[in-house]
Each structure stands twice: as C-alpha cells, then as structure tokens.
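A structural walkthrough
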Amino acid sequence: MTRAAFSYDFPHRHLVSVADLNPVDISLIFERAEHWRAVNKTPDKSSDALKGMTVLNLFFENSTRTQGSFEMAAKRLGADVVNFAIAHSSAKKGESLSDTARNLAAMQPDIMVVRHSATGAPQFLAERTGLSVINAGDGMHQHPTQGLLDVFTMNRHWGSVGGRRILIVGDILHSRVARSNIGLLSMLGAEIRVCAPPTLLPTDIDQWGVDVFHDLSEAVIDCDAVMALRQQRERMSGGFIPSGREFFHLFGLSHDTIKRAKPDVLVMHPGPMNRGVEIHTKLADDPKHSVIMEQVENGVAVRMAILELIGANIRKEAAA
Amino acid sequence: MSASFAITNARLVDPESGHDGPGGILVENGLIAQIGEELDLNSADEVIDAGGKVLAPALIDLRASKEPALTPDGENQSSLAAGAAAGGFGTVVLAPNEHSPLQTAGGFAGMTRALGQHGVRVLSAAAATQDLAGESMAEIGLMAKAGAVYVSNGDNPIADTRVLRRVMSYASQFDLWLSLRAAEPGLSCGAVATESDWSARFGLPSEPTMAERIAIDRAASVAALSGGKLMVDRVSTADGLAAIRDARKRDIEIAATSAIAHLTLNEVDAGGLDSAFRVDPPLRVEADRRALVEAIAAGEVDAIVSDHRPTPFDDKGEPFAMAIAGTLALETLLASLLALVHDEELSLVEALRPLTAGPADLLGLPQGRLTTGAPADLVLIDGDTPWVCHPDDFHSPRGNSAWAGRRFIGRVTQTFVDGQSIYNYNG
C-alpha cells in the first residue's frame, strides 16, 4: 500500500516504544525502508532529506553496531551527526541527566538518538528537552528500531508476519529486543512463542499473549522463524543459569535443534552473537537459514525511514 | 492566644473513643479542660465558632525525614515545622536516613531541643546500627536517654540475623520499638518497582511482594527469640499484612505502619515513569492498596506515616529507575487521605485513628486524643474545601510531590499545640 492509500501521514515526532505505533505507522516506515534499502545498494546513496538538521547520538551505554547504523543512516540522509559518548564525560562528573540533556538541547540539535541503561530515559529526555527522541535501547525496556528491522526482515521474506509462528529463544527477562519484538509481532497478528529457563523469563510472561516453553525441541515445531537473543552478561548478577555450556545444550540453536521447525525456517539474531552460547557457528553462517546479515543491512534502511519520517514532521512543525 | 479559650459548634471526632458528633472544647493553660455540647463558656477569654468544621486531635507522624543541617536551598527546621503545622500535624518524629542517620549520641539532645523551637513537637528516632549499615550497633542507650522515641534502621533492612537479634534484644531494655523496613535483602536489592505485569513490560528492576512477607516472618521470629518489640515500617502489601496477622496469633509484640503513598497511589500512577512516583517501598498493585485500606479500617495498621522526604532537584533529575526515592507528604497527607473518606473506603474515625491515638499509644504519648487533661493539640479541618496541590505553594523549599496537580477536597484550617495556634489558614 502507498501513503495515498492510507490518506494518513506518519504522526510521530518521537520513537520511544513500539507501543506508540499502529499497524499503519509500521507500513509507512516499511514502505520508506524498502525505498532506502534499494538506494543503499547503489553507489549514489546520498539524499538531502535531513539536510541542515543535526542528529545527536547520545549513547550512555557502549554500542558499536547500533550507533554506527544510526550514524550511517543519518549521514546518508544529509544530516550533520554528532556522537556524544556520555559514558565517559559529564555523567561521571555528577551532573544529573536532566541537566546534561538541557545543556545539549541548548546547542539546538534536531533529533536525539538515545541509548541508556535506565528504563524511561529516552522518554524523560523527550519531556525535559522538547526535542525529537529516538530510542536506541533503554534498560530492559524497549529497542524499537531493532524490533522494526526484525519484522521488516521477516516481511521481506513472507510479505507479512500475520499468522506466522515465531519463536524467541533465550534471555527474555533482560531483553529489550524481545519486548519490542513481542509488542510488534502481536500487533501484527503473529503467533509468538518464547523458550527459556524460568529464571530468564519475567514472572508475568503468561499475561503477554505468548506461548511459553522450556523445552526447545517442542518449541521449534513448525516455526517459521527462530530468533536467538544474546545472553546479557552485563545484566546478569547472580546465577540465572549454571553455565554458558549448559545453556547451549538446552537452549542453543543449531541445525540439530531446529530440525522440527519449518524446512525454510529463518534464523535470526539481533547481535552481537556469542557463538557457541546461543547459536552454533555453522547455523549462524548458513545462508539457507540465517538472515542475520540481512538484519544488519535492513537496520540502516529502517533507521533511515524513521529519521526521514520524523525529520519531515519536525520541518512541518517549524513551518506551522 | 488567650490562656483560656473555647471552640464551639464543631464536629468533634475523637478516634480513641470512636466519638463523632457535635460539640466543642474548652482549653485552659494548654490542656483540654472540658469537652462536649455544654461548655462553661464563662471562664473562656475567647470563643471560636468552628462553624461545623471537624475538630480532632492534632495529627502525629511517626516517620518524616529532614535534610542534613545547612543543606543549601534545602528544607530546614522551620520549613519542616511550618509544613507540618499546615498539614495539621502537632507531632512529627524524624526517622534516620542515609543522609541524616541520627546516630550521634553527643548531639542528640541538642538537636531535639533545637527542633522543638518551631511550634510543632519534633521528636526523633535513633539509628539502630552505625551508618545504618546493619553491622555494629549505634549508641541506642545514650540516644534513648536523650529522648529517642524508637529505634530504626532507616530504609535498610538488617541482613545479618545475629545483628538483628542483638539490636532487638538491646533495645528491649529501654522498652523501645525497633522499626524495620520489611524487605528481604536478596530479593529486594536494587528494586525500583513491584514485580508485576506492569514492571515486567517496562523491564524495571523489581521485587516480589513476597519479599516483604519473608522479611516480616523472619523479623517476627527474631522478636520472639529476643523478646523485643517489632514495628513493621511501611507495610505495603497484602502478603506483608498476612505475615503480621500470623505474628499476632503467635503473641509476638508487633506493630505496623503504612505510608500515605501506598494507601492512595498504586503502580499505575507511575505509569508515565515520572520520577516523582519513585518511592520506597515501591508503589504496589491496586489489590495491595485495597488490602492496606481494609487493614486500616480493621485497625490492623497502627499508624499512617507521611514518609515525608524532601529531595533536591538533582536527585529527581534522573529517569525513574535511577531517581532517588521519596516524596514530600506532610502538607498533603490529610487531604489525600480524605479522598478515601469521600469515596467511602474509610470512615473519618477510621482514617484519623492511625494519625492520632494509634501512634500516640505506640509511643506512650499523652496527646492524640480528646480527653480532659490531655494536651490541647488540636486540628480544625474543613472537609469540603476543594483545592489543587501546587508544590510551589508548599512551605517546603522542595517540590518533589507525588501528589502534584492532584485535586483535593478538604483541608486543615487551624492547628494547635499545647493550646497555642501554630497554623491558621485564614491568617
């Protein structure tokens, strides 16, 4: 469908949680992402969609892939990009987040891309500064662009995720990627399964509208996609599992463990991978199943789409 | 104010006797001289017509925090007292916290004397352990001699059961309650929310309500072992209430307080992740709030506390999960509680008992009741005035209120301590 078919414009100035989006918003993002995906394959990638705008990358937690992906997306759209690695600067000097934010806002950027270890930090920054904020991961809460790029990747293979059976395996409890994916996939009518030991599941998971498994061989039956999550070592204090080795034997993805899934099952991972903990190296690199590199490629296109749509709304507001 | 005065034409509410009816009070030399519909007004120098307003004992708060002395821009003794008086409080007890651990026996008597200069009776609890670390005992005895009214380890549980046993046993020789925040340390460590559907969706570090029950079960057993008196500090869950009921069946000397936040708010209020709602214990689910209100009505909770905690801007200048816990409450406590009375969740007597006779009985105080000969600590309440909570209007220089913007019905119009008017809304 095209934008005209909806007679509806993308209404958002922020992207804090997938719960802010409706299925039409998602279609609009994917329509533009498809466009940028094609452009990104040509030698002439530059655009002036965000020309004159400044995008501030505020990463309070270390990130290579997500920050690089956002930076590349913003630069290809013609924006000026400034990276602030806050983990090493003012936060260490005892300045509150509120003060840091207002100082940065005074420099008149247009869009802040925020990653922070605390739930709600992007929303907090949006409220305190009035700037457009895109959440690049907050605590164990949300990572909406990752969720969107995952669904975009699945959509490109199937046309739609509606009615598809998708399994998420691993550390659901600490995963913002899982929360964003579950939110989007249930909105779009997918059948969601999760599989993890009880210590890595939220206690109220039964109320999330997902089917819960502790046995991977049962969970994978007839799945259209299987998504591994990274073991969040930095968020694990105090023995959620006995060892990485035991985890791999019970919950690791390999050709063997996914053999009861659909024959053309997609294998996904949000990265960075711990090979031999969540996923067997051979499966991760098997082009028949693994779409992990497609996820990375699509990440830039999806982020371009979001930046473009939000940038257009900023211009519209400024003109009004 | 004259040495002798009368307040007539009031709705007298005395939670101790359960009386709620028309009448007045004659005050002589700071004491209640006569009560009832027929007062001997000849001896009164002044007669105040209450115009049907509620006349009750001035409120008693067992748990407020002060900021360290001389904090720049901070709450000081006089702003704390002014806020308390405006909230209808005649007596406020300071509890230890990490900024102000109340553990220096040397300065204790001087501190409480200085605090007494502001009209409101300001009492203090004593730290249970040095730096509230739960390791070595603070000088409980010296502070008891200097007037400490109970012993508390602030917000920190005492993790080591042997230390807990000794503190409780040691405090028992002074007949002091040990007030203990009921949190099982392993389960509660780092939690900013209650384990629930809501907190799981937000991925917030959370504690199960069973952590409160386990902590109370354990502390109650230690009380049985040591012969001490256990005051459960800010019980907040149905599980915790169940543990208190079990302990009472075992004849353990146990009392309980609840904070106004947990009686009037639930986790959904924090749904926008506004740092103002970051409190300790964390806000609970609605079923827990209802259980607490029922426990108040049933008299199972002895005192409602403000847990008033002035917090600098910087501490709330962080996202919810990182913000310092605490809210101002003294100036809004009564109004927020009256909402439960208007909603018929509580009667006025039930609501006021844990703010008057309840805490007075725990500490053996003479005030908190309308009895001939008791100190004339009184409050006049207009139950029908609507108002909106604006932190800028507070006496406190801080503004961290979880009730900011709330609409209230009913406010304190006058507060008396020892027969002296310490607050008058109409000037």
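Residue positions within a chain follow its written sequence, with the count starting from 1. In the order they appear in the text, chains get letters beginning with A and ligands get numbers beginning with 1. Two thresholds apply to this predicted model, a pLDDT of at least 70 for residue-level local features and 80 or more for giving and counting side-chain atom pairs, whereas whole-chain, interface and lining totals are computed over all residues. Only hydrogens and water are removed before side-chain values are computed, so all heavy atoms of the structure are retained for them.

Note that A:Ala118 resides in the loop between strand S3 (111–116) and helix H5 (121–129). Put simply, A:Ala118 and A:Val18 are 100 residues apart on the chain and 17 Å apart in space, counted from C-alpha to C-alpha. Here a residue-residue contact requires only that any non-hydrogen atoms of the pair lie within 4.5 Å. Other than its neighbours up to four places away in sequence, A:Ala118 contacts A:Asp138, A:Gly139, B:Pro319, B:Ala321 and B:Met322. Elements are defined by DSSP. Helices are runs of H or I of four residues or more, strands are runs of E of two residues or more, and each kind is numbered from the N terminus.

With that out of the way, let us pick up the sheet that holds strand S8 (residues 225–228) of chain A. All names here are of chain A. Spatial strand order, S7-S6-S5-S8-S9: 5 strands in an open sheet with parallel pairing. This sheet does not close on itself; its edge strands, each paired only once, are strand S7 (211–213) and strand S9 (266–268). Each neighbouring strand pair of the sheet contributes to a mean axis angle of 20 degrees, computed without reference to strand direction. Here 4 bridges tie strand S5 (residues 165–169) to S8, and the two strands are oriented parallel to one another. Within S8, the residue paired with Leu167 across the bridge is Val226. Each of S5, S8 and S9 is contacted by helix H6 (residues 144–158), which is oriented at about 165 degrees to S9, the strand it contacts most. Any two strands with at least two DSSP-identified bridges between them are counted as paired. Convention adopted: a line fitted to C-alpha atoms gives each axis, helices being fitted over their contacting stretch, and angles between N-to-C directions are expressed from 0 to 180 degrees.

Our focus in this paragraph is the domain arrangement of chain B. Residues and elements named next belong to chain B. Each assigned domain of chain B is listed here: domain 1 (4–55 + 375–395 + 403–424) and domain 2 (58–363). On a C-alpha basis, the centroid separation for the pair domain 1 and domain 2 is 27 Å. The interface of domain 1 with domain 2 comprises 30 residues on the first partner and 36 residues on the second. Two parts placed together each lose some accessible area; with a 1.4 Å probe, that loss summed over both constitutes the buried area. Overall, the association of domain 1 and domain 2 removes approximately 2,600 Å² of surface from exposure, summing both partners, and the carbon and sulfur fraction of that is 69%. Together, Pro15, His395 and Trp403 form the three largest contributors to the area buried by domain 1 at its contact with domain 2, with a combined 31%. A pair is scored as a salt bridge if a Lys or Arg side-chain nitrogen falls within 4 Å of a carboxyl oxygen belonging to Asp or Glu. Taken together, the connections running from domain 1 to domain 2 amount to 3 salt bridges. With a closest N to O distance of 2.9 Å, Arg406 and Asp269 form a salt bridge. Within 3.5 Å is the distance limit for a polar contact, defined as a pair of N or O atoms, with the added protein rule that one can donate a hydrogen and the other accept it, and that residues adjacent in sequence qualify only through two side-chain atoms. For the pair domain 1 and domain 2, the number of links is 9 residue pairs in polar contact (both at pLDDT 80 or more). Broken down by element, the side of domain 1 that touches domain 2 gets its largest block of residues, 7 residues, from strand S18 (residues 407–417). Under this grouping Gly is polar, as are all residues other than the nonpolar Ala, Val, Leu, Ile, Met, Phe, Trp, Tyr, Cys and Pro and the charged Asp, Glu, Lys and Arg. Tallied by class, the residues present in the side of domain 1 that touches domain 2 amount to 18 nonpolar, 6 polar and 6 charged. Domain segmentation is taken from an automatic or database assignment of domains.

Take the environment of A:Glu191 next. All names here are of chain A. As for its placement among the helices and strands, Glu191 is situated in strand S6 (residues 191–195). Residue classification places Glu191 among the partly exposed positions, given a relative accessible area of 27%. Each C-alpha atom of the pair Glu191 and Val39 lies 33 Å from the other, and the pair is 152 residues apart in sequence. Among residues more than four places away in sequence, those in contact with Glu191 are Arg164, Arg165, Ile166 and Asp211. One polar contact links Glu191 to Arg165, side chain to side chain, over a distance of 2.9 Å. Residue burial is assigned from relative accessible area. The probe radius is 1.4 Å, only protein chains are included, and a residue is buried under 20% of its type maximum, exposed over 50%, and partly exposed in between.

All names here are of chain B. For helix H1 (residues 77–86), the tally of buried residues reaches 7 of 10 residues, placing the bulk of the element in the interior. Those residues of H1 that fall on the buried side of the exposure criterion are Ser79, Leu80, Ala81, Gly83, Ala84, Ala85 and Ala86. Its buried side turned inward, H1 meets strand S7 (89–94), S18 and strand S19 (420–424). The distance from a side-chain oxygen at the start of H1 to the backbone nitrogen of Ser78 is 3.2 Å, and the residue carrying that oxygen is Asn76. Gly88 occupies a position one or two residues after H1 and carries a positive phi of about 90 degrees.

Residues and elements named next belong to chain A. Across the interface, helix H2 (residues 23–40) lies against H6 with an axial gap of 11 Å and an inter-helix angle of 70 degrees. Considered as vectors, H2 and H6 are oriented roughly perpendicular to each other. Contacts between H2 and H6 involve Ile26, Ile29, Phe30, Ala33, Glu34 and Arg37 from the first element and Leu148, Val151, Phe152, Asn155 and Arg156 from the second. Broken down by class, the residue content of the contact of H2 with H6 amounts to 7 nonpolar, 1 polar and 3 charged. Small angles under 35 degrees read as roughly parallel and large ones over 145 as roughly antiparallel, with 65 to 115 read as roughly perpendicular and the rest as oblique.

The subject of this paragraph is the pairing of strand S1 (residues 54–59) of chain A. The two faces of the sheet receive side chains in turn, since in a regular strand these alternate between them. All names here are of chain A. Counting buried positions over the 6 residues of S1 gives 5, a clear majority of the element. In the sheet, S1 pairs with strand S2 (residues 80–84) via 5 bridges, with the strands oriented parallel. Each bridged residue has a counterpart across the sheet, and for Val55 the counterpart in S2 is Val81. With respect to chirality, the unit in which S1 leads through helix H3 (residues 65–76) into the neighbouring parallel S2 is right-handed. When the strands point away from the viewer, a crossover counts as right-handed if the route from the first strand across the helix to the second turns clockwise.

Time to look at the pattern of salt bridges. Residue and element names in this part refer to chain A. Enumeration according to the criterion identifies 44 salt bridges over all chains in this entry. Two residues, Arg32 and Glu308, come together in a salt bridge whose shortest N-O distance is 2.9 Å. Taken together, the positions of Arg32 in helix H2 and Glu308 in helix H11 (residues 292–319) put the pair 276 residues apart, joining distant regions of the chain. Across the pair, exposure class does not vary: Arg32 and Glu308 are buried alike. Across the salt bridge formed by Asp285 and Arg275, the nearest N and O atoms sit 2.9 Å from each other. With Asp285 in the loop between helix H10 (281–284) and H11 and Arg275 in the loop between S9 and H10, the pair connects residues that are 10 residues apart, well separated along the chain. Look at Asp285 and you get partly exposed, because its relative accessible area is 46%.

This next bit is on the side chain of A:Asp138. Residue and element names in this part refer to chain A. Assignment of secondary structure puts Asp138 in strand S4 (residues 132–138). A polar side-chain atom of Asp138 sits 2.9 Å from a polar atom in the side chain of Asn135. Engagement of the side chain of Asp138 in a polar contact is seen with the side chain of His141, the distance being 2.8 Å. Not counting the four nearest positions on each side in its chain, Asp138 is found in contact with His116, Ala118, Thr119, Gly120, Ala121, Pro122 and Arg176.

The next subject is the packing of H2(A) against H11(A). Residues and elements named next belong to chain A. Contact pair H2 / H11: the axes reach a minimum separation of 8 Å and the direction vectors enclose 125 degrees. Relative to H11, the element H2 is oriented oblique. When you trace H2 past H11, the crossing you get is right-handed. Where H2 abuts H11, its residues Leu28, Ile29, Arg32, Ala33, Trp36, Arg37 and Asn40 lie against Glu297, Asn298, Val300, Ala301, Val302, Met304, Ala305, Ile306, Glu308 and Leu309. A class-by-class count of the residues in the contact of H2 with H11 yields 11 nonpolar, 2 polar and 4 charged. Crossing handedness is read from the near helix: turned anticlockwise from the far helix by less than a right angle, it gives a left-handed crossing, and turned clockwise, a right-handed one.

Many authors give the size of an interface as the accessible area that is lost as the parts come together. Residues and elements named next belong to chain A. Domain annotation for chain A reports domain 1 (3–139 + 297–319) and domain 2 (144–289). For domain 1 and domain 2, the distance between their C-alpha centres works out to 26 Å. Each partner contributes residues to the interface: domain 1 has 28 residues there, and domain 2 has 20 residues. Here domain 1 packs against domain 2, burying approximately 1,900 Å² in sum over the two surfaces, 66% of which is carbon and sulfur. Contact with domain 2 buries area across many residues of domain 1, yet Val18, Phe30 and Asn298 alone supply 30% of it, more than any other trio.

Residue and element names in this part refer to chain B. Of the grid points, spaced at 1 Å and generated over the protein atoms alone, those admitting a 1.4 Å probe that cannot get out make up cavities, while open sets with protein on both sides within 12 Å along at least five of seven lines make up pockets; any residue with an atom within 4 Å of a point is treated as lining. Grid points are joined across faces, edges and corners, and a volume is the space filled by probe spheres set on the points. The computed volume of the second largest pocket comes to approximately 680 Å³. Along the wall of the second largest pocket there are 31 residues; nearest its centre are Glu98, Asp155, Asp280, Arg309 and Ala325. Here the residues of the lining of the second largest pocket are counted per class, giving 13 nonpolar, 8 polar and 10 charged.

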